[in-house]
Amino acid sequence: MQIERYETGKRMSQAVTYGGFVFLAGQVAVDAPDASVHEQTTNILARITRLLDGAGSNPTRIVSATIWLTDISSFEDMNAVWDAWVPSGHAPARATVEARLAGPEFTVEIGIIAAVGN
């Protein structure tokens, strides 16, 4: 099986496919730093959709998600966006934790593993 890397930089790739799965790096709202949790989550999910599409997958194929919040009290704000984005009947296994992120301008980070295919 071949490993394919997408949007690879010196330190990391934004997505890697192997064995019928795509593994996304933790995504932050690079296009919406310092925005609300709602806006950051919206930006991140758009990035995830684009990366999944590029790797031959889509949100219905997500098998696992890990969500990091800098303040767990924003859980419901993030979930309002998440719940509208996840296709009905396709909720993945998921964990959400409170953590310090790479920079203070980010309040949400989301990592995804999805099956490749439509």
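Residues numbered from 1 in each chain as written. Predicted model: local features only at pLDDT ≥ 70, side-chain atom pairs only at ≥ 80, totals over all residues. Heavy atoms only, no water.

**Student:** Could you give an account of the pattern of salt bridges, with specific residues and numbers?
**Tutor:** Going through the model one piece at a time under the given rule, you end up with one salt bridge. Residue arginine 50 pairs with glutamate 7 through a salt bridge whose shortest N-O separation is 2.5 Å. With arginine 50 in helix H1 (residues 37–54) and glutamate 7 in strand E1 (residues 4–8), the pair connects residues that are 43 residues apart, well separated along the chain. Exposure remark for glutamate 7: the relative accessible area of 43% places this residue in the partly exposed category. (Salt bridge = Lys/Arg side-chain N within 4 Å of Asp/Glu carboxyl O. Helix = DSSP H or I, 4+ residues; strand = E, 2+ residues; numbered from the N terminus. Buried < 20%, exposed > 50% of the residue type's maximum accessible area, 1.4 Å probe, protein only.)

**Student:** Tell me about helix H2 (residues 75–85), residues and numbers included.
**Tutor:** Among the residues of H2, those classed as buried are Met78, Asn79, Val81, Trp82 and Trp85. Projected down its long axis, H2 carries its buried residues within an arc of 165 degrees, all on one side. Projecting away from the buried face of H2 at angles above 90 degrees are the exposed residues Glu76, Asp83 and Ala84. Buried residues belonging to H2 abut H1, strand E4 (62–69), strand E5 (93–98) and strand E6 (108–115). (Arc of directions from axis to C-beta. Contact = heavy atoms within 4.5 Å.)

**Student:** Residues and numbers for H1, please.
**Tutor:** Here H1 spans 26 Å end to end across 18 residues, near enough to the 26 Å set by a 1.5 Å rise per residue. Here H1 has its buried residues at Val37, Gln40, Thr41, Asn43, Ile44, Leu45, Arg47, Ile48, Leu51 and Leu52. The inward-facing, buried residues of H1 contact E1, strand E2 (13–18), strand E3 (21–24), E4, H2 and E6. Just beyond H1, the residue with positive phi is glycine 56, at close to 85 degrees. (Expected span 1.5 Å × (residues − 1).)

**Student:** Break down the packing of aromatic side chains for me, citing the residues and quoting the values.
**Tutor:** Across all of its chains, the model carries two aromatic pairs by this definition. With a centroid separation of 6.5 Å and 45 degrees between ring planes, the pair formed by phenylalanine 21 and phenylalanine 23 is classed as tilted. The partly exposed category is assigned to phenylalanine 23, whose relative accessible area is 36%. (Phe/Tyr/Trp six-rings, centres within 6.5 Å; stacked < 30°, edge-to-face > 60°.)

**Student:** I'd love a proper account of the pairing of E6, names of residues and values included.
**Tutor:** Burial analysis of E6 places seven of its eight residues in the buried class, which makes it a mostly covered element. Examined bridge by bridge, E3 and E6 share three bridges and lie antiparallel to one another. Across the sheet, residue valine 22 finds its bridge partner in E6, namely alanine 114. (Pairing = 2+ DSSP bridges.)

**Student:** An account of the environment of alanine 15 is needed here, citing residue identities and associated values.
**Tutor:** Structurally, alanine 15 is set in strand E2. Its relative accessible area of 0% is what places alanine 15 among the buried residues. It is 15 Å that separates the C-alpha atoms of alanine 15 and valine 63, two residues lying 48 residues apart in sequence.

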